[in-house]
Amino acid sequence: MSSDRRGPRAAWRAVPSGLLATPALAWIALFFVAPVGLVFWYSLGRKPGLYQTHANDVLTLDRYREALGDTFLTSFAGTLRIGLAGTALCLAIGLPFAYWLAVKVRPHRRFVVLALVLVPFWTNFLIRTIGWQVVLSPEGFASRAMQSLGLIDTPFSMLFTRGAVLLGVVYNYLPMMILPLYVALDRVDGSLREASKDLGANRWRTALQVTLPLARPGIAAGLLLVFIPLMGDYVTAAVLGGARGNMVGQLVASQFQQAQNWALGSAMAVVLIVVIALTILATAAVGAACTWLLTHRRRRELAGIAEGSPA
Amino acid sequence: MRARPIVDRVLSLWGLLVIAFLFTPIAVIVVYSFNRGRLLASWEGFGFDAYVAALSNDDILSAVSVSVRAAAGAALIAVVLGTLCGYALARHPGGRIGRLVTVLLALVLVTPEIVSGVALLPWFVSLGVDHDLTLFNSGWVRLVVAHSLFATAVVTFLVRARMQGMDSSLEEAAADLYTPPLRRFRLVTLPLLLPSVLAGALMAFTLSLDNTIISAFVQVSGSTPWPVYVFSAVRAGLRPELAAMSAVMLLLTLAALAAVALVLRRAGGSKEAVDALSGVR
């Protein structure tokens, strides 16, 4: 469009750039939009017989009623607890770390530290989870070492508890929190922090009122990148939680893999998507309210200062 | 100002603790790959038995080979589709197709794996069985397609970010010199995009190697990928062979990572290498 002004050369530059996006669009439409749409469609159907997985001859909301039964809700509450606690812990651990990496570590060493953070990211997450299973298992070296030191008498049994699952998910998703936080904090201009200091703010006030608000997009990205995959993950819980690590993902999977009830499994998957979306919206609303309160108070403070100093 | 060293020291200690935390299970797996016992978790003595056993176990070798072939296919598709799409999005950000693709790719990124998995299984079954597209009954095709979706989104956003950071004057200069579009893309645009394309390819490859949940759904028996094999071993009992094979794969991944980092470093310095590999830009 903008190339018209160049006259005869326009022909050479008229690459239909929009067209270059169409292969990806077609691919996504065929293998993402269509199948996910089908899940919504199946969720309105039923399982007609022992050997059939689904039928949509009658459209009904019964599968949702079934999906919202007691077992599912209990499992859901557990999953949501793990999801929220895990995400919060990732933020609590990752934020000081990312701040340290972006602000305190000298630039030439940052390369090395960032590479160190990335190495676990590039190794198989299931294998890393199994590594924790070895650490936590009663025959494992953690238990043996503690026994030989006389700290405990009986083999140590942290494996197959909720605590173990929480440890596993925090471990597995921590790099997903650290990276966006680091990127956001790295972009905050150091001179803004200096200006804040020069204007008399102490380090806490600078961190809370200058650095953190500027890093907000990174915090939001980190929360999303951790919370969403965590809610659907059942592998970590299966490896470290055993029977107690029953996550919603496991229930959905068993409807497809064992029970062969695609209608019910689809309804469960839709409920999972809806709950994740609602949790994100609620968190975003709380975040927006907090931001508004902070800025509103600050503005009034500043207005008060301006009025109070006529000279 | 007196508070400074203490806070800084606490922060540094925290940083080191987090790094130690991140490396604990990896170190454990590497150490236990030298376990001579029958069970992974109970240490019986040092030896290379597990490596010998792993490299002569046909199930393990076939699972790894399925995974590597699937990862190569997925990375290839993701790089082709993602590079074209990222380029288009950066150069024509306002277009209707562009906006639609951006929204869809973002949705692909935020959809939990379990949902993609349960969506793709019936879809492949209905394409392959009901509509006689027998292509989709192949385990390799299913894994490649399933893994390529997320990877395409990753490559697209990496390429778009790099494109946005560059002005279009080089391409315009080439156009002014009457270079035809395809040649221009190959000779001017592609070399400029190389760091993000390489980083994207590597990311697509490892994401595919890593994928457990979607693979568990779409796999066809007889072509079980490595993570699914490992996951089934968790239930059946973990043996040191798994740790040995994982240590070998970790070594290979690190070698690939180092090779790409070297190329990127030569192309644009260490900061750019890290940024590209971490998906920062």
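The sections below set out a description of the structure shown in this document. (Residues numbered from 1 in each chain as written. Chains lettered and ligands numbered in written order. Predicted model: local features only at pLDDT ≥ 70, side-chain atom pairs only at ≥ 80, totals over all residues. Heavy atoms only, no water.)

**Observations concerning the packing of helix α14 (residues 248–257) of chain A against helix α5 (residues 113–130) of chain B**
Rule in force here: With axes taken as lines fitted to C-alpha atoms, and helix axes fitted only over the stretch in contact, angles between N-to-C directions fall between 0 and 180 degrees. Only DSSP runs of H or I covering at least 4 residues are called helices, and only runs of E covering at least 2 are called strands; the numbering of each starts at the N terminus. An angle below 35 degrees is read as roughly parallel, one above 145 as roughly antiparallel, one from 65 to 115 as roughly perpendicular, and any other as oblique. Residues count as neighbours in contact if any of their non-hydrogen atoms are within 4.5 Å of one another. All amino acids are sorted into three groups, where Ala, Val, Leu, Ile, Met, Phe, Trp, Tyr, Cys and Pro are nonpolar, Asp, Glu, Lys and Arg are charged, and the leftover types, Gly among them, are polar.
The N-to-C vectors of α14(A) and α5(B) enclose an angle of 10°; their axes lie 10 Å apart at closest approach. The angle between α14(A) and α5(B) places the two elements in the roughly parallel class. Contacts between α14(A) and α5(B) involve Gly249(A), Val252(A), Ala253(A) and Phe256(A) on the former and, on the latter, Ile114(B), Val118(B), Leu121(B) and Pro122(B). Here the contact of α14(A) with α5(B) is built from residues that sort into 7 nonpolar, 1 polar and no charged.

**Here we look at the interface of chain B and chain A**
Here is the rule: Buried area, as used here, totals the accessible surface that two parts lose on assembly, with accessibility defined by a 1.4 Å probe and the loss added over both.
Each partner contributes residues to the interface: chain B has 92 residues there, and chain A has 89 residues. Counting the surface lost from both chain B and chain A, the interface buries some 8,400 Å², and carbon and sulfur atoms represent 79% of this. Summed over the three residues of chain B that lose the most area to chain A, namely Phe21(B), Leu22(B) and Trp123(B), the buried surface amounts to 8% of that side. Broken down by element, the side of chain B that touches chain A gets its largest block of residues, 18 residues, from helix α1 (residues 4–32) of chain B. Its residues assigned to classes, the side of chain B that touches chain A comprises 67 nonpolar, 15 polar and 10 charged.

**Looking at the pattern of salt bridges**
All names here are of chain A. This is how the line gets drawn: Salt bridges are identified by distance alone: a Lys or Arg side-chain nitrogen within 4 Å of an Asp or Glu carboxyl oxygen. Relative accessibility under 20% of the residue-type maximum defines a buried residue, over 50% an exposed one, and the middle range a partly exposed one, all with a 1.4 Å probe and only protein chains included.
Using the criterion set out here, one finds 6 salt bridges over all chains in the structure. Salt-bridge contacts for Arg-63 lead to Glu-66; the nearest nitrogen and oxygen are separated by 2.9 Å. Here Arg-63 and its partner Glu-66 are both found in helix α4 (residues 62–67), 3 residues apart, which amounts to about one turn of the helix. Exposure remark for Arg-63: the relative accessible area of 11% places this residue in the buried category. According to the relative accessible area criterion, Glu-66 is partly exposed, its value standing at 41%. Close ionic contact of Arg-110 with Asp-186 constitutes a salt bridge, the shortest N to O distance being 3.7 Å. With a gap of 76 residues between them, Arg-110 in helix α6 (residues 107–121) and Asp-186 in helix α9 (residues 162–187) connect regions that are remote in the sequence. Residue classification places Arg-110 among the buried residues on the basis of a relative accessible area of 16%. The exposure class of Asp-186 is partly exposed, given its relative accessible area of 28%.

**Quick look at the layout of surface pockets**
To find the voids left in a structure, one rolls a probe of water-molecule size over its atoms. Residues and elements named next belong to chain A. As a reminder of what qualifies: Cavities and pockets were defined on a 1 Å grid built from protein atoms only: a cavity is a group of points that admits a 1.4 Å probe but offers it no way out, a pocket is an open group of points flanked by protein on both sides within 12 Å along at least five of seven lines, and a lining residue is one with an atom within 4 Å of any such point. Grid points are joined across faces, edges and corners, and a volume is the space filled by probe spheres set on the points.
Taken as a whole, the second largest pocket holds about 980 Å³ of empty space. As for the second largest pocket, its lining consists of 30 residues, and the residues nearest its centre are Arg-216, Ile-219, Gly-287, Cys-290 and Thr-291. Secondary structure elements with two or more residues in the lining of the second largest pocket: α5 (70–104), α11 (203–214), α12 (216–232) and α15 (262–308). Of the residues in the lining of the second largest pocket, the class split is 19 nonpolar, 7 polar and 4 charged.

**Side note on the packing of aromatic side chains**
Which entries qualify depends on this criterion: Stacked, edge-to-face and tilted are the three classes for Phe, Tyr and Trp ring pairs, Trp counted by its six-membered ring, which pair at centre distances within 6.5 Å; planes under 30 degrees apart are stacked, over 60 edge-to-face, the rest tilted.
Counted by the stated rule, this structure contains 20 aromatic pairs over all chains. An angle of 45° between the planes, with centres 5.5 Å apart, marks the rings of Trp132(A) and Phe21(B) as tilted. Taken as a pair, Trp132(A) in helix α7 (residues 125–136) and Phe21(B) in helix α1 lie in two separate chains rather than in one. The residues Trp132(A) and Phe21(B) share a single accessibility class, namely buried. On the numbers, 6.2 Å between centres and 25° between planes, the contact of Phe256(A) with Trp262(A) is stacked.

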